[in-house]
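# Structural overview for review
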Amino acid sequence: APSNLLWPDTTHLKYTWIGGYRRARISSQCIKRAIRRHPVFAETTGVDIGERTKWMTRPIKQLLIEAGKPEEDARAVAAAFARSYAGKMDGKSDEKTSVLLYLSRDEISLIVDSLLQNWDDDLQQAQKGNTLKDLVNEIIKQTKGRTSAPDIALFGRMLADKPELNIDAAVQMAHAISTHRANMEMDYYTAVDDLQQLEQDEGAGAGMVGFTSFNSACFYRYARIDWNQLITNLNGDEELARRTVEGFLRAAVAAVP
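The rules behind the values
- Residues numbered from 1 in each chain as written.
- Predicted model: local features only at pLDDT ≥ 70, side-chain atom pairs only at ≥ 80, totals over all residues.
- Heavy atoms only, no water.
- Core = buried A, V, L, I, M, F, W, Y, C linked by side-chain atoms within 4.5 Å.
- Buried < 20%, exposed > 50% of the residue type's maximum accessible area, 1.4 Å probe, protein only.
- Helix = DSSP H or I, 4+ residues; strand = E, 2+ residues; numbered from the N terminus.
- Contact = heavy atoms within 4.5 Å.
- 1 Å grid on protein atoms, 1.4 Å probe; cavity = no way out; pocket = protein on both sides within 12 Å on 5 of 7 lines; lining within 4 Å.
- Points joined across faces, edges and corners; volume = space filled by probe spheres on them.
- Nonpolar A, V, L, I, M, F, W, Y, C, P; charged D, E, K, R; others polar.
- Axes fitted to C-alpha atoms, helices over the stretch in contact; angles between N-to-C directions.
- Left-handed = near helix turned anticlockwise from the far one by under 90°.
- Salt bridge = Lys/Arg side-chain N within 4 Å of Asp/Glu carboxyl O.
- Pairing = 2+ DSSP bridges.

The next point concerns the nonpolar core. Judged by nonpolar contacts, the single largest core of 29 residues is most densely connected at Met56, Ile60, Leu64, Phe81, Tyr85 and Leu115. At the level of elements, helix H3 (57-66), helix H4 (71-86), strand E4 (101-103), helix H5 (105-117), helix H6 (119-127) and helix H7 (133-143) are the ones that each hand at least two residues to this core. Tallying contributions element by element places H4 first for this core, with nine residues. When neighbours within four sequence positions are excluded, Tyr85 is seen to be in contact with Met56, Leu101, Leu103, Glu107, Val136, Ile140, Lys162 and Leu165. The next biggest cluster of nonpolar side chains, apart from the first, holds 28 residues, and it includes Ile31, Val40, Tyr102 and Ala153.

Written as structure tokens, this is what we have:
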């Protein structure tokens, strides 16, 4: 079927040249996201997937509030921790990190439990604008090179500014390439404004017009799993590793970006 799967910054469909012909392409990152977020993946593993976000302060703050801490104090401590953990914050918000972080639910729970155990000191440091470096270093030490989230164990985690948080991926995945030459078709589309009045407003023109591209292709996909690395990433849990492989295979069949 015609599809509009993935755009680069040119707003045209991604493609590559192989054998003298232009072929359709889907990036491996796009496919991996579709796999990890497909319901069958979590259903098969029985474990929540990780969260990739710049807003790690939000779940931390929410759990601190649920533990009985005032919202303003929870916000300040969560922001102080994120600043210490990520190294840099977004220039537009002191609650948003400058880079995407990839965290499991267990890691978030560990962070919150650690903050609650040292609450008075953490709050004092946060109110002074200081970092929570010692607490961060202890959490990194406890979680180094392992995760409870099957998707993080599969696809790894990399932070250039904090290499101690890195986890080697257990999956190598290539970009999906069409098995044949793929032409790009252009589509000029319109959207109708249901409440636009012919006489009073802008006449009979469309509410929105645009121009985009489509193609249709049979894609060849390639991936391989390093079983030993997967077990290592899951802290030796071989049974979870087996469910993770099954979940990956099932989601790879079912997921469409």
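So, on to the layout of surface pockets. Gaps left between atoms show up when a probe the size of a water molecule is rolled over them. Empty space within the largest pocket amounts to approximately 410 Å³. Lining of the largest pocket is provided by 17 residues; of these, Gln29, Arg52, Leu100, Tyr102 and Gly156 occupy positions nearest its centre. For the lining of the largest pocket, the element with the most residues is helix H1 (residues 28-37), which contributes six residues. Its residues assigned to classes, the lining of the largest pocket comprises seven nonpolar, three polar and seven charged.

Attention now goes to the packing of H5 against H7. Taken N-terminus to C-terminus, the directions of H5 and H7 make an angle of 145 degrees; their axes are 11 Å apart at the nearest point. Here the hand of the crossing between H5 and H7 comes out right-handed. Along its contact with H5, which presents Glu107, Leu110, Ile111, Ser114 and Leu115, the element H7 presents Leu135, Ile139, Gln142 and Thr143. Class assignment for the residues of the contact of H5 with H7 results in five nonpolar, three polar and one charged.

Let us look at the pattern of salt bridges. Opposite charge on two side chains permits pairing when their charged atoms draw close. This structure, assessed with the given rule, holds 11 salt bridges. With a shortest N-O distance of 3.6 Å, Arg105 and Glu51 are connected by a salt bridge. You can see Arg105 sitting in helix H5 and its partner Glu51 sitting in strand E3 (residues 51-53), a full 54 residues away along the chain. Relative accessible area serves as the criterion here: at 43%, Arg105 is assigned to the partly exposed category. The exposure class assigned to Glu51 is partly exposed, which follows from its relative accessible area of 35%. Asp94 is the salt-bridge partner of Arg75, the closest N and O atoms lying 3.5 Å from each other. Taken together, the positions of Arg75 in helix H4 and Asp94 in the loop between H4 and E4 put the pair 19 residues apart, joining distant regions of the chain. Accessibility expressed as a relative area gives 44% for Asp94, which makes it partly exposed. Members of the salt-bridge network, linked through shared partners, are Lys61, Glu72, Arg75, Asp94 and Glu95.

Taken in spatial order, the four strands of this open sheet run E1-E2-E6-E9, and their pairing is antiparallel. The open sheet has two edge strands, strand E1 (15-18) and strand E9 (219-220), and neither has a second partner. Two strands pair when backbone bridges link them, and strand E6 (residues 176-178) and E9 are joined in this way by two bridges, in the antiparallel orientation. Of the residues in E9, the one forming a bridge with Ser178 is Phe219.

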